[in-house]
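Residue-level structural notes
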Protein chains: 2
Amino acid sequence: MTPTQELTKNQSLVFNALSRADGPLSAYTILDQLRDEGFRAPLQVYRALDKLLDYGMIHRLESINAFVACAHPHSHSHSHGMIAFAICEKCGQVSEFSDDVITGRVREWTTSNGFKQSKTTIEIRGVCANCGAA
Amino acid sequence: MTPTQELTKNQSLVFNALSRADGPLSAYTILDQLRDEGFRAPLQVYRALDKLLDYGMIHRLESINAFVACAHPHSHSHSHGMIAFAICEKCGQVSEFSDDVITGRVREWTTSNGFKQSKTTIEIRGVCANCGAA
DNA sequence: TTTCGTTATGTGATATTATTACATTAGTCA
DNA sequence: TGACTAATGTAATAATATCACATAACGAAA
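Residues numbered from 1 in each chain as written. Chains lettered and ligands numbered in written order. Predicted model: local features only at pLDDT ≥ 70, side-chain atom pairs only at ≥ 80, totals over all residues. Heavy atoms only, no water.

Nonpolar side chains tend to gather and get buried jointly when the protein is soluble and globular. Membership of the largest hydrophobic core comes to 28 residues, with the highest contact counts inside it found for F115 of chain A together with F115 of chain B. Every element with two or more residues in this core is listed here: β3 (83-88), α4 (100-112) and β5 (116-127) of chain A together with β3 (83-88), α4 (100-112) and β5 (116-127) of chain B. Ignoring anything within four residues of it in the chain, the contact list for F115 of chain A reads W109 and T110 of chain A together with A86, I87, C88, I124, R125, G126, V127 and C128 of chain B. Formed by 20 residues, the second largest nonpolar core is a distinct cluster that contains A17, L31, L49 and A69 of chain A. (Core = buried A, V, L, I, M, F, W, Y, C linked by side-chain atoms within 4.5 Å. Buried < 20%, exposed > 50% of the residue type's maximum accessible area, 1.4 Å probe, protein only. Helix = DSSP H or I, 4+ residues; strand = E, 2+ residues; numbered from the N terminus. Contact = heavy atoms within 4.5 Å.)

Right, dumping it as structure tokens:
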């Protein structure tokens, strides 16, 4: 896990933008937030996002084309398991959890089918408890 | 499950294109394949795709922005469970399976967190047995 | 410290995916 | 018929992501 201090300028700016946000941000939203810091092109954002994904500091939510800071940056509980995301379609809040049973079942399938998995996406769309209460 | 016969002209064209294909297709690939049939605009494809998704005849693969015909159209084995997809990044082949244990664990999480799920995506990216053997 | 290779950055153009807005046509059914 | 709904056609545009190429910053090794 690469600590924040080793990030480059652009990587830090993008990571801080995601950390400040209370939900996922699109690449272009990040770009707009960082115009004042000198950002001018999408690639500046995408390149930083790629590195932050490499470092495991952020996640990409495939089903909504957006990015979030990792909710458990200092925990290794996720390091051996797949991470699932519950995404509220009302408020945008994202909950992150990992489940060893799910991880195990997926591994069983891949192993018995000779499939070498590189990345697994589990995203639950719906309405969170807060928004559902209304 | 709406049978093919009840599909409109555009829906049939799109569904047949996906059925013919041996892997997922992007909306614009479908559009190109259907130019000879009179398709001229993306919306003709997207509208048909939306309906076919409604009818459960096709799936959308969120992680690669593509669509596939449902692999088990005549089976109800999936109707109560989540469907997982294993997507080969070499050859593009997609395997579809459902797992009651995974479905159960996801439901446990959502129930105990008061989260009302509407759609769940499980996509495994990697290399299939055939391609890995090379 | 200079040189070289690597990594990061800046910028414009372009590719890819998806939606909005509005007009028209085709069925359905009271 | 008339009125309603679903489906279609078309142009324009929005949103997301990458390519190509130039420049700068950095680190290791001579």
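Turning our attention to α4 of chain B. Given a rise of 1.5 Å per residue, 13 residues ought to cover 18 Å, and the 18 Å separating the end C-alpha atoms of α4 of chain B matches this to within 8%. Every buried residue belonging to α4 of chain B is among I102, T103, V106, W109 and T110 of chain B, and all of these are buried. Projected down its long axis, α4 of chain B shows its buried positions confined to an angular sector of 130°, all on one face. For α4 of chain B, the exposed residues set more than 90 degrees away from the buried face come down to D100, T111 and S112 of chain B. Along its buried surface, α4 of chain B packs onto β3, β4 (94-98), α4 and β5 of chain A together with β5 of chain B. Put simply, D99 of chain B is the residue that caps the front of α4 of chain B, since its side-chain oxygen is 2.7 Å from the backbone nitrogen of V101 of chain B. G114 of chain B sits one or two positions beyond α4 of chain B and adopts a positive phi of about 65°. (Expected span 1.5 Å × (residues − 1). Arc of directions from axis to C-beta. Polar contact = N/O pair within 3.5 Å; in protein donor to acceptor, adjacent residues only side chain to side chain.)

Next up on the list: the protein's contact with DNA strand C. For DNA strand C, the set of nearby residues contains 15 residues, the closest of which are R40, Q44 and R47 of chain A together with Y28 and R60 of chain B. One of the side-chain nitrogen or oxygen atoms of N10 of chain A is found 3.1 Å away from a phosphate oxygen of DNA strand C. In the model, a phosphate oxygen of DNA strand C is placed 2.5 Å from a nitrogen or oxygen of the Q44 of chain A side chain. Counting residues per element, the ones that place at least two in the surface near DNA strand C are α1 (9-20) and α3 (42-54) of chain A together with α3 (42-54) of chain B. Among the elements that make up the surface near DNA strand C, the one with the highest residue count is α3 of chain A (4 residues). Residue classes in the surface near DNA strand C are distributed as 5 nonpolar, 5 polar and 5 charged. (Near = heavy atom within 4 Å. Nonpolar A, V, L, I, M, F, W, Y, C, P; charged D, E, K, R; others polar.)

What follows covers the packing of helix α1 (residues 9-20) of chain B against α3 of chain B. All names here are of chain B. At a minimum axis separation of 9 Å, α1 and α3 run at an interaxial angle of 80°. What the angle tells us is that α1 and α3 run roughly perpendicular. Along the contact surface, α1 presents N10, Q11, V14, F15 and L18, while α3 presents Q44, V45, A48, L49, K51 and L52. Within the contact of α1 with α3, the residues separate by chemical class into 7 nonpolar, 3 polar and 1 charged. (Axes fitted to C-alpha atoms, helices over the stretch in contact; angles between N-to-C directions. Parallel < 35°, antiparallel > 145°, perpendicular 65-115°, else oblique.)

Close to DNA strand D lie 15 residues; Y28, L43 and R60 of chain A together with Q44 and R47 of chain B are nearest. A share of 43% is what sugar and phosphate atoms reach among the atoms of DNA strand D within 4 Å of the protein. Between a phosphate oxygen of DNA strand D and a side-chain N or O atom of Y46 of chain A, the distance comes to 3.0 Å. Between DNA strand D and R47 of chain B there is a distance of 2.5 Å, counted from a base nitrogen to a side-chain nitrogen or oxygen. Counting only elements with at least two residues in the surface near DNA strand D, the list comes to α3 of chain A together with α1 and α3 of chain B.

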